[in-house]
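Listed below, chain by chain, are the residues.
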Amino acid sequence: MRKDVRILLVGEPKVGKTSLIMSLVSEEFPDEVPLRAEEITIPADVTPERVPTHIVDYSEAEQSDEQLYQEISKANVICIVYSVNNKTSIEKVTSHWIPLINDRTDKDSRVPLILVGNKSDLVEHSSMETILPIMNQYQDIETCVECSAKNLKNISELFYYAQKAVLHPTGPLYCPEEKELKPSCIKALTRIFKVSDLDNDGVLNDNELNFFQRTCFNTPLAPQALEDVKNVVRRNMTDGVKANGLTLKGFLFLHTLFIQRGRHETTWTVLRRFGYDDDLELTQEYLFPIVKIPADCTTELNHNAYLFLQSVFDKHDKDRDCALSPEEVKDLFKVFPYMPWGPDVNNTVCTNDQGWITYQGYLSQWTLTTYLDVQRSLEYLGYLGYSIIYEQESQAAAITVTRNKRIDLQKKQTQRSVFRCNVLGARGSGKSGFLQAFLGRNLQYQRRIREDHKSLFAISTTYVYGQEKYLLLHEVMPDFDFLSEADLACDVVCLVYDINSPRSFEYCAKVYKQYFIDSKTPCVVIATKSDLHEVRQHYSLSPHEFCRKHKLHPPQPFTCNSTDAPNKDIYTRLTTMAMYPHMAQADLKNSTFWLRASVGATVFAVLGFAMYRVLLKQR
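Reading the values: rules and limits
Residues numbered from 1 in each chain as written. Predicted model: local features only at pLDDT ≥ 70, side-chain atom pairs only at ≥ 80, totals over all residues. Heavy atoms only, no water. Buried < 20%, exposed > 50% of the residue type's maximum accessible area, 1.4 Å probe, protein only. Helix = DSSP H or I, 4+ residues; strand = E, 2+ residues; numbered from the N terminus. Pairing = 2+ DSSP bridges. Core = buried A, V, L, I, M, F, W, Y, C linked by side-chain atoms within 4.5 Å. Contact = heavy atoms within 4.5 Å. 1 Å grid on protein atoms, 1.4 Å probe; cavity = no way out; pocket = protein on both sides within 12 Å on 5 of 7 lines; lining within 4 Å. Points joined across faces, edges and corners; volume = space filled by probe spheres on them. Nonpolar A, V, L, I, M, F, W, Y, C, P; charged D, E, K, R; others polar.

1. Description of the pairing of strand E4 (residues 77-83)
Line of reasoning, step 1. Burial within E4 is extensive, with 7 of its 7 residues counted as buried.
Line of reasoning, step 2. Direction of pairing for strand E1 (residues 5-11) relative to E4: parallel, over a ladder of 5 bridges. Directly across from Gly-11, in E4, lies its bridge partner Val-81.
Line of reasoning, step 3. For E4 and strand E5 (residues 113-118), the ladder comprises 6 bridges, and the chain directions are parallel. Within the sheet, the bridge partner assigned to Ile-78 lies in E5 and is Leu-113.

Encoded structure:
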């Protein structure tokens, strides 16, 4: 909502503009009226809407046309004052004032107009019969008020309506000619309905209506009041109430009714609570709350965020198969202005046999987005209504900013849950295969993936000493001459070479020597395609000799050319090294490091699967 309101009064000389302002301020009709009143400011605490209001007078005798144009451009609402006993002043409303104002304002952001019929104490008849056709002709006119500065009739109401026209305008919400809500308003209210429909059954039950009422107006509805609301809808439409709950049609009807009865503020209160601005767009402040991320820190979702995302998944997993079909994904993202997930997501996270994103894959994708682009994650949570459903100040409450990585290294422990592994290697060395194998996909499956659906990322969970962690693999494109900071910033590095290609290892050796030889980031050499014949590498040292010389673990054999899902031990080892880089270095001479990691992974993978099955039954 606006932080203040600027009201400008214009009109022909002697219609009583200045008298209206002075009567409002002094609460009595002035004996002497100056040519023009000074600008006055009404403090927020004495206005109905609690917003400071500036009232500006115009005098043709004292001000130039240029000054008038400047005031028109600054005004939030303009009151065109006419005298009810002066036909010329009424005619000037359409022949002079409205055209002048329209010429001086942008077509797409016209200021609301209020027609003010002053001096009603001098006549016995109303001017409304003359004014109504004008109101019907010009959409910018919000309302018309007849008043008397002398009798103080409707003075407060006039300025209240002016303030209301700015803070709760009709224009963006409702089309008076069609007597229906505008498409942009329907779109916003539909999103609000879907966010508030916590069980996604297409109706707002009593609990959901009460939560909605409390969220928007800080007070629940009494049972009888709830029933009265539904009865109003029942009397006016057949499909507004279903299973004793309010349908979307009924919800939209209620807001149409509020607006038709002049209660625009009710609809605006709802819209603003759900993040909308005066143009019915979600505000930048709502979508992108400030999250400060110091250097060497990462961003993760916290426990409440995962609980919320789980509830969103449950809400849309209609068939309870713990995976989202394409239709269910589409339904989930109906509250977004665009589809945020492309086909590459299905090759970034775990899917079921039908290629649908599983519950684990769904949470993994959210984890990935939060780690790589926290602003995007905040935006997505905003569309889903996280801060509203969880009654938080903003989506920023869903984010944990981890402590500086250097402190983790000093203390030799970490509270982080997400670890990044950059995968480097020459073209054709098997990087993509290594990423896809992490998602349980063998070579046969990988060959079916379309080129334009491939992803440079893969993320899933691993277990390290009983703790569930996320490992994020990033395939770095092989450009030896330029590796950016993002290519180098990670928790563990995989240097991948093809044992069947004689020039494959050379790239790994050069990258290591140029970028990682003095780094504290653990490095692992992966010997891919280990099911094929190993050829001699065209490099001065063999891979084993190179690793021995630079105190690296021996090359780890790997293949995804198997009938079953590829072995995942290597990924647990990588996560372990990322979590405990000091141990990875210290245990170089001790082969039990790999053994402990492998045994731990096997035990907790079995336990994790068993617990997952229990969760599925509960869900």
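Back to the text.
2. Looking at the nonpolar core
Line of reasoning, step 1. In this structure, Ile-192, Leu-271, Phe-274, Leu-309, Tyr-362, Trp-366 and Leu-384 are the most contacted members of the largest nonpolar core, which totals 74 residues.
Line of reasoning, step 2. Among the elements that take part in this core, helix H9 (residues 248-260) stands out by supplying 7 residues, more than any other.
Line of reasoning, step 3. Discounting chain neighbours no more than four positions away, the residues touching Leu-384 are Val-195, Phe-308, Leu-309, Val-312, Leu-332, Val-335, Phe-336 and Trp-366.

3. Digging into empty space enclosed by the protein
Line of reasoning, step 1. Across all of its chains, the model carries 1 cavity of 30 Å³ or more by this definition.
Line of reasoning, step 2. In this model, the largest cavity occupies a volume close to 70 Å³.
Line of reasoning, step 3. What lines the largest cavity is Lys-405, Asp-408, Leu-409, Lys-412, Gln-413, Thr-414, Arg-416, Phe-419, Ala-578, Met-579, Pro-581 and His-582.
Line of reasoning, step 4. Among the secondary structure elements, those contributing two or more residues to the lining of the largest cavity are helix H17 (405-411), helix H23 (569-579) and helix H24 (581-586).
Line of reasoning, step 5. With 3 residues, H17 is the largest single contributor of residues to the lining of the largest cavity.
Line of reasoning, step 6. Residues belonging to the lining of the largest cavity are distributed by class as follows: 5 nonpolar, 3 polar and 4 charged.

Spatial relationships are all this shows, so hold off on functional conclusions.
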